[in-house]
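Structural description and commentary
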Amino acid sequence: MRLFATGLLMAMAIAFLVLRRIAGTHPAWGYAISFTEAAMVGGLADWFAVTALFRRPLGLPIPHTAIIPENKNRIADSMATFLRDNFLTPQVVARRVIGFNFAAAAGAFLSDPARGGENRIRAGGANLLADILESLDPERLGDQVRSGLARQLERVEVAPLLGQMLSVMIADRRHLPLLEGAVRWAGQALEANEDMVRAMIRERAHSLLRLTGLDSRIANSVLDGLYKLLAEMIVQPDHPLKLKVEHLLEDLADRLVNDPETREKVEKAKRELIGNPAVGQWWQSVWERLRRKLIEAARDPDAALGGQLATMLGELGSALQGDARLQSQINRFARRTLVGVAARYGDEIVRLVSETVRRWDARTISNRLEAAVGRDLQFIRINGTLVGGLFGLCIHAIDSLL
């Protein structure tokens, strides 16, 4: 459009020169020359006016030119004031949102996930989760999650919970499989280390016993006794040693709940465990593996994660559409939130706009405004050229009549 407007101005200038060279005596020549002459004047005047908005015409330091670059800060403040007075006042926001049903709109969106044969909730929601997990710093995110868990654990007293859990396990006899498993593990460990036990007994036996070979018999007796003890503990429900272990567990459960000293020991151990660097490193590796698995599941279109997310959001959308009471509560909350944001942060938003425009350099703001309205400004130049020519015809006609 700039080239067209400039070309039209040049065409009027060339036509004026040509007409002046070949002008005859017929009255029409006067009208043609007046049209081209006035069109040049109008086109040049509007070219100067349009150019003066954004830069100095021909680079000359003419007063009141380059208006936008020279008044950038004032324009920024004016834009911010206009935005604040007309859009970000609580009254305006409240008036604009009073009749809008946010909940129903959100419900309609969530209940109609299909678009172009593709599940936008499944693809969009899962991919959004994956993008968030990938964009965040894994180490910092892991530290934040660990810190959050640590803070929650520090607030919870672990000892009473452990005592209650242990009491329930003993009452339901759910500790017996664990106890039998420990006994079987002890038997397997003893069987795997028989040679070491025999060597220990031989080293601690008297030299006379070793000479007579009684150390081997003693070792066999000890091992046989241990195997018999472990076997009896497994097959006899009321074995004395097993009952002793149960009494110890019951006493431990009671002390975990009622003994301040025991509870303090458990809390101290908990704090030391939370603050242990090795635990932090272990958690970091666990979190990184979990994060990678979540990203892979979210990126996989056949994974269950996206489908479950879509199902849950679809059910939420149906609830939002069908429950008038829920809609009323959500809409009330949304309106209060928007009005509150306008009241609390309106000035900050306005300040952000003003400071952003102020930080732009003069060429940037000129180029952006010219790109936004430049086409219409070039039409002003074209209209100025043509309207100037028409006024030239009128002036020449009045001059001829006079």
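Residues numbered from 1 in each chain as written. Predicted model: local features only at pLDDT ≥ 70, side-chain atom pairs only at ≥ 80, totals over all residues. Heavy atoms only, no water.

1. Here's the deal with the overall build of the chain
Note the threshold: Each helix corresponds to a stretch of at least 4 residues labelled H or I by DSSP, and each strand to a stretch of at least 2 residues labelled E; elements are numbered beginning at the N terminus. A simple rule labels every residue: compare its accessible area, found with a 1.4 Å probe on the protein chains alone, to the largest value its type can have, and call it buried under 20%, exposed over 50%, or partly exposed in between. Only heavy atoms enter the contact rule, under which two residues are in contact if any of them lie within 4.5 Å. Throughout, the Shrake-Rupley method with a 1.4 Å probe supplies accessible areas, and for residues the shown protein chains are the sole cover considered.
Secondary structure summary: the chain contains 19 helices and two strands in total. Across the 402 residues that make up the chain, the buried fraction comes to 26%. Within the chain, counting contacts between residues at least 6 apart in sequence, those at least 24 apart form 71% of the total. For the chain, the exposed area adds up to about 26700 Å²; of that, 62% sits on carbon and sulfur atoms.

2. Structural notes on the environment of Asn193
Mapping Asn193 onto the fold places it in the loop between helix H10 (176–192) and helix H11 (194–204). The partly exposed category is assigned to Asn193, whose relative accessible area is 32%.

3. Let's talk about the nonpolar core
Nonpolar side chains in soluble globular proteins generally cluster together in the buried interior. Put simply, the rule is: By nonpolar core we mean a set of buried residues, namely Ala, Val, Leu, Ile, Met, Phe, Trp, Tyr and Cys, connected to one another through side-chain atoms within 4.5 Å.
Formed by Ala5, Leu8, Met12, Phe16, Leu19, Ile33, Ala39, Met40 and Ile382, the largest nonpolar core amounts to nine residues. Counting residues per element, the ones that place at least two in this core are helix H1 (2–22) and helix H2 (27–54). By residue number, the principal contributor to this core is H1, which donates five residues. Contacts of Met40, omitting those with residues within four sequence positions, involve Leu9, Met12, Ala13 and Phe16. Counting seven residues, the second-largest nonpolar core is a separate cluster that includes Phe54, Ile68, Val357 and Ile365.

4. Let's talk about the side chain of Ser34
Here Ser34 shows up in helix H2. In this structure, Ser34 is in contact with Gly392 and His396, ignoring residues within four places of it in sequence.

5. Description of the packing of aromatic side chains
Quick note on the threshold: Any Phe, Tyr or Trp ring, taking Trp's six-membered ring, that has another such ring centre within 6.5 Å forms a pair; planes under 30 degrees apart are called stacked, those over 60 apart edge-to-face, and the others tilted.
The full count for this structure, using the stated rule, is one aromatic pair. On the numbers, 4.8 Å between centres and 75° between planes, the contact of Phe100 with Phe102 is edge-to-face. Phe100 gets classed as partly exposed once you look at its relative accessible area, which sits at 44%.

6. Some words on the side chain of Arg381
Looking at where Arg381 falls in the secondary structure, it is placed in helix H19 (residues 362–401). Discounting residues that sit within four places of it in the chain, Arg381 has contacts with Arg2, Ala5, Thr6, Gly43, Asp46, Trp47 and Val50.

7. Side note on the pattern of salt bridges
Side chains that differ in sign of charge can pair as their charged atoms come close. Our working definition: For salt bridges, the criterion is a side-chain nitrogen of Lys or Arg within 4 Å of an Asp or Glu carboxyl oxygen.
Under the criterion given, the structure shown has two salt bridges. Across the salt bridge formed by Arg255 and Asp251, the nearest N and O atoms sit 2.9 Å from each other. Of this pair, Arg255 and Asp251 both sit in helix H14 (residues 240–258), separated by four residues, roughly a single helical turn. Since its relative accessible area comes to 31%, Arg255 is described here as partly exposed. Assessed through its relative accessible area of 38%, Asp251 is described here as partly exposed. A salt bridge links Lys265 to Glu261; the shortest N-O distance between them is 3.9 Å. On the criterion of helical spacing, the pair formed by Lys265 and Glu261 is a turn pair, its members being four residues apart in helix H15 (residues 260–275). Just as Lys265 is exposed, Glu261 falls in that class too.

8. Structural notes on the confidence of the model for the chain
We apply this condition: Scored between 0 and 100, pLDDT is the confidence that the predictor attaches to each residue.
Within the chain, residue pLDDT values average 77, and 82% of them lie at 70 or more. Across the chain, the secondary-structure element scoring lowest on mean pLDDT is strand E2 (residues 118–119), at 48, and the one scoring highest is H1, at 89.

9. Topic: a nonpolar patch on the surface
How we decide: Patch membership needs two things, relative accessible area over 30% and no salt bridge, and members are linked within 9 Å if like-charged or within 5 Å if nonpolar (Val, Leu, Ile, Met, Phe, Trp, Tyr).
Taken together, the side chains of Ile218, Val222, Leu226, Leu229 and Leu241 present a nonpolar region at the surface, about 340 Å² in accessible area. Counting residues per element, the nonpolar patch draws most heavily on helix H13 (residues 214–235), at four residues. On the secondary structure map, Leu241 appears in helix H14.

10. Describing the packing of H14 against H15
Note the threshold: Axis geometry follows a simple rule: fit a line to the C-alpha atoms, using only the stretch in contact for helices, then measure angles between N-to-C directions, giving values from 0 to 180 degrees. In these notes the angle categories are as follows: under 35 degrees is roughly parallel, over 145 is roughly antiparallel, 65 to 115 is roughly perpendicular, and the rest is oblique.
Orientation of H14 relative to H15, taken along the N-to-C sense of each, is 85°, at an axis distance of 6 Å. Relative to H15, H14 is oriented roughly perpendicular. Contacts between H14 and H15 pair Arg255, Leu256, Val257 and Asn258 from the former with Pro260, Thr262, Arg263 and Val266 from the latter.

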